[in-house]
Amino acid sequence: MLKGRIQDLVIGVIAVAIGIFLFIQTKDFPGVTQLFSRIVLIIFLVIGAVLVLTSLINGKKPGPEEVHIKDFKNPMLIFLIILVYVIMIDKIGFFVASAVIMPALMLFMGYRKPIPMIATTIGTLGFIYFLFVTQLHVRLPADLLF
Amino acid sequence: MTIWEGISQAFAHLFTLQAALGLVIGVVGGMIIGALPGLSATMGIALLIPITYGMDQTAAILMMAAIYTSAVYGGSISAILIHTPGTPSSAATCLDGYPMTQKGEALHAIGLSTTASVIGGIISAIALLLIAPPLARLSLNFQAPEYFLIAFFGLTLIGSLASGNMLKGLLAGAIGLVVGLIGLSPEVYARFTFGNFKLNGGIDLIPAMIGLFSISQVMVLGEERGKHSSTVKEEAVIQGRFLPPAKEFVGLLPLILECSVVGVFIGILPGAGGDIASWVGLNLAKNQSKHKELFGTGIPEGVAAPEAANNAVTGGALIPLLTLGIPGSSTAAVMLGGLTIHGLNPGFELFSKFAGITYAVIIGFLVANILMGLVGWAAGRYLTKVSKVPIPILLPCIAMLSIIGAYATKQNMFTVYVCLIFGLLGFLMRKYGIPTAPVVLALILGPMADEQIYQGTMQAAGMGGITFFQYMMSRPICLVLLGLIVLGLFSPLISKLISKSYKKKYGEVGEAAEDI
């Protein structure tokens, strides 16, 4: 079986597994809630099952491109940095966390020009402060500075 | 209420500082987003919805509509100057737009694109003004079964939002439906919340959309790490005259008008968007030309026709959205979310109770198209400079705006984590060829269908114990809607055939931007 097809097979199997798990949970749901939930989950299960079947039947025919694990490295690292950023916002506040993470992301992406980095950070934070804090009156997570 | 009464009410809503700012920000912002390959109107609107929370309803919806039309136009500028369509709607423009640039007529090509886009947009705004109100009157007769079928009809469009593999598009829609189940059901039963009371209200649409469209895009841009690239390939020499000569304009006008009308019609059709309209427009131009062999060498007709058609789609697409709540494209789906968040439910109410706001948005949309022409005339040539912003600078800005946008939804960190989860989900879906737009559509329409099936069942029970299905089949409008649903089910097939035949005829163009 071609690797692109195996990927689809795995996606289909995961969908079917999640569908069955959720379907079992509906046993205690009341009347219309149970009816609608089951209709949706049956649709989900059928589509998952069709994906599994088409992957098995067309296993050797050219299909979706193979996705390599190495393609995930940089995007997942970016995701981790954003996750750290969100945790930092929760702990030390939005502006301090942003002032640290924005240049860090630029450096991570391979950018090395300090003036545009500083200008972008200050400019974006200034824009956010003006728009969200002074105009929209959004209460940002408690900050060390503000 | 007549159209004139609606228009007279609109001015009070339109002539405010907020509405004017919304209009200008929408036009300029949309143009920038459209010109940046990889960023789409859909993502732009998703990212900017949180900014509209503090705005009044007119300004907020007007800004979204302005972004929509302006981004479609902005996409043509990068198509003409750097042979990279900023949005999928501009792919056909590359064929003659870029050869014009190579011939040293870049500014002329941008001028043609601007003129045709403005005319297409204005005609679509007029069509919106004339067609939407009578169509909305139809919805006066709607009850739970009709609304259920409307939601169901919307769900049949999922196939058309799946640009590639239909099965994966349906899977995406099903994921959206399942996610839409989370939270209190209409019977007030906590469904799939697993004891977490924060999930009782369901998954918030805005953080989910920001995650699916923006955070996933940040992760995709992360693949460019260390490449020191900007989104632009090469800079064109921009010279020549902007406005087309009077003789050329008069010669092109019938074609522009024809393509505009065709574009409006395609926009109204569910599932057929700006990309199809631009190819149909180009084909119209070629069929009517005495010099078919010159297409692809850089001729004005090849730029004017697709650009008139794709901008005419925007107003056309707003017609079913505002009157029946049917979003025919991913951008329209996000706009539906925006309308709902501002307490505006599509249908007759928009043209009666909220007539002032709705007519203000329609007139403002017309003004946005004119303003788009003026801004394009003044700044179009400089827009490639925007495309030169390096990805390492762009990426943290999008990331930060996404996070603050998600936070602003409820002003708590829970929505930010929801946004992150959907960002990761969106990225994985995109990597494995599963489109993200159907998730949003299903997330909006699933709970609507859920609510209506519950209401309908209650109403049917009060009618002598008939079932919901019997109740539905006893109503004539439901039968018409069922016919439309059958049509909707086949529309992706028809759209695909049209699109395939044109692409085969003209070949693939540039790096077609992904419809995110």
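Residues numbered from 1 in each chain as written. Chains lettered and ligands numbered in written order. Predicted model: local features only at pLDDT ≥ 70, side-chain atom pairs only at ≥ 80, totals over all residues. Heavy atoms only, no water.

**Q** Go over the overall build of chain B with me, naming the residues and quoting the values.
**A** Scanning chain B from N- to C-terminus turns up 21 helices and two strands. In chain B, which comprises 516 residues, the share counted as buried stands at 62%. Within chain B, residue pairs in contact and separated by at least 24 positions form 81% of the contacts whose partners lie at least 6 positions apart. With the model as given, the accessible surface of chain B reaches about 18000 Å², and the carbon-plus-sulfur share is 67%. (Helix = DSSP H or I, 4+ residues; strand = E, 2+ residues; numbered from the N terminus. Buried < 20%, exposed > 50% of the residue type's maximum accessible area, 1.4 Å probe, protein only. Contact = heavy atoms within 4.5 Å. Areas by Shrake-Rupley, 256 points an atom, 1.4 Å probe, with all protein chains shown as cover.)

**Q** Go over the overall build of chain A with me, naming the residues and quoting the values.
**A** The helix and strand tally for chain A stands at five helices and zero strands. Helices and strands in chain A line up, N terminus first, as α-α-α-α-α. Against the compact-globule benchmark of 15 Å for 146 residues, chain A has a radius of gyration of 24 Å, which places it well outside the compact range. Summarising its shape, the C-alpha atoms of chain A cover approximately 55 × 45 × 25 Å along the three principal directions. Among the 146 residues that make up chain A, the fraction classed as buried is 46%. As displayed, chain A has an accessible area near 8000 Å², and 73% of this comes from carbon and sulfur atoms. Each charge class in chain A was averaged separately, 12 positive and 7 negative side chains, and the resulting centres sit 4 Å apart. (Rg over C-alpha atoms; globule rule 2.2 N^0.38 Å. Lys, Arg positive; Asp, Glu negative; His and termini not counted. Charge placed at Lys NZ, Arg CZ, Asp CG, Glu CD.)

**Q** Kindly report on the interface of chain A and chain B, identifying the contributing residues and their values.
**A** On the side of chain B, 58 residues touch chain A, which itself brings 63 residues to the contact. Summing both sides of the interface, chain A and chain B together bury roughly 5500 Å²; the carbon and sulfur share of this comes to 83%. The interface formed by chain A and chain B includes one salt bridge. Applying the counting rule to chain A against chain B returns nine residue pairs in polar contact (both at pLDDT 80 or more). (Buried area = accessible area lost by both parts, 1.4 Å probe. Salt bridge = Lys/Arg side-chain N within 4 Å of Asp/Glu carboxyl O. Polar contact = N/O pair within 3.5 Å; in protein donor to acceptor, adjacent residues only side chain to side chain.)

**Q** Outline the nonpolar core, supporting the account with residue identities and numerical values.
**A** Among the nonpolar cores identified, the biggest contains 206 residues, and F94 and F132 of chain A together with L171, M209 and I403 of chain B are the most heavily contacted of them. It is helix α4 (residues 57–82) of chain B that provides the largest number of residues to this core, a total of 16 residues. Both domains that furnish three or more residues to this core are identified here as domain 1 (3–57) and domain 2 (70–135) of chain A. Not counting the four nearest positions on each side in its chain, M209 of chain B is found in contact with A46, I49, S214, V334 and V440 of chain B. (Core = buried A, V, L, I, M, F, W, Y, C linked by side-chain atoms within 4.5 Å. Domains from an automatic or database assignment.)

**Q** A description of a nonpolar patch on the surface should follow, citing residues and the corresponding values.
**A** Residues and elements named next belong to chain A. Taken together, M1, I6, V10, I14, I18, L53, L56 and I57 make up a surface patch of nonpolar side chains, about 740 Å² in accessible area. Contributions of two or more residues to the nonpolar patch are made by α1 (3–25) and α2 (31–57). The leading source of residues in the nonpolar patch is α1, at four residues. Locating V10 in the fold gives a position in helix α1. (Patch = residues over 30% accessible without salt bridge, like charges linked within 9 Å, V, L, I, M, F, W, Y side chains within 5 Å.)

**Q** Explain helix α1 (residues 3–14) of chain B to me, using residue names and the numbers behind them.
**A** Residue and element names in this part refer to chain B. Under the 1.5 Å per step criterion, the end-to-end length of α1 is 16 Å for twelve residues, consistent within 8% with the ideal 16 Å. For α1, every residue scored as buried is listed here: G6, I7, A10 and L14. Buried residues in α1, looked at end-on, bunch into an arc of 95°, giving them a common side. In this structure, α1 carries W4, S8 and A12 as exposed residues pointing more than 90 degrees from its buried face. (Expected span 1.5 Å × (residues − 1). Arc of directions from axis to C-beta.)

**Q** Tell me about the environment of R191 of chain B, and please be specific about residues and values.
**A** Looking at where R191 of chain B falls in the secondary structure, it is placed in strand β2 (residues 190–191). Looking at R191 of chain B, the relative accessible area reads 1%, which means it is buried. Excluding anything up to four places from it in sequence, R191 of chain B contacts F29, T33, F36 and S37 of chain A together with L181, I182, G183, S185 and D450 of chain B.

**Q** So, the domain arrangement of chain A: which residues are in play, and what are the values?
**A** The assigned domain composition of chain A is domain 1 (3–57) and domain 2 (70–135). For domain 1 of chain A versus domain 2 of chain A, the distance between C-alpha centres works out to 38 Å.

**Q** If you had to explain the packing of aromatic side chains to someone new, which residues and values would you point to?
**A** Under the defined criterion, the tally for this structure stands at twelve aromatic pairs over all chains. Each ring, one from F351 of chain B and one from Y359 of chain B, has its centre 6.0 Å from the other, and the planes form 90°; the classification is edge-to-face. Accessibility classification places F351 of chain B together with Y359 of chain B in one group, the buried group. One aromatic cluster is present, built from ring pairs that chain together F29 of chain A together with Y189 and F192 of chain B. Against the face of F108 of chain A rests R225 of chain B, its NZ or CZ located 3.9 Å from the ring centre. (Phe/Tyr/Trp six-rings, centres within 6.5 Å; stacked < 30°, edge-to-face > 60°. Lys NZ or Arg CZ within 6 Å of the ring centre and 35° of its normal.)

**Q** I'd like to hear about the packing of helix α14 (residues 330–341) of chain B against helix α19 (residues 437–461) of chain B, residue by residue, with values.
**A** All names here are of chain B. Interaxial distance between α14 and α19 falls to 9 Å at its minimum, and their mutual angle equals 35°. Here α14 and α19 pass one another in a crossing that is left-handed. In contact with S330, A333, L336 and G337 of α14, α19 contributes A437, L441, I444 and L445. Looking at side-chain class alone, the contact of α14 with α19 contains six nonpolar, two polar and no charged residues. (Axes fitted to C-alpha atoms, helices over the stretch in contact; angles between N-to-C directions. Left-handed = near helix turned anticlockwise from the far one by under 90°. Nonpolar A, V, L, I, M, F, W, Y, C, P; charged D, E, K, R; others polar.)

**Q** Outline the pattern of salt bridges, listing residues and values.
**A** Residue and element names in this part refer to chain B. The final tally for this structure, using the stated rule, is six salt bridges over all chains. In this structure, R475 and E146 form a salt bridge, with 2.6 Å as the shortest nitrogen-oxygen distance. Remark: E146 occurs in helix α7 (residues 144–156) and R475 occurs in the loop between α20 (468–473) and α21 (476–506); sequence separation between them is 329 residues. Note that D450 is salt-bridged to R191, the shortest N-O span being 2.6 Å. On the criterion of sequence distance, the pair formed by D450 in helix α19 and R191 in strand β2 is long-range, its members being 259 residues apart. R191 shares its class with D450; the two are buried.

**Q** Describe the environment of Y68 of chain B, listing the residues and the values that go with them.
**A** Residue and element names in this part refer to chain B. By the secondary structure assignment, Y68 is in helix α4. Judged by its relative accessible area of 6%, Y68 falls in the buried class. For the pair formed by Y68 and Y407, sequence separation is 339 residues and the distance between their alpha carbons is 24 Å. Beyond its immediate chain neighbours, meaning those up to four positions away, Y68 contacts A41, I45, T314, A317, S329, T331 and M335.

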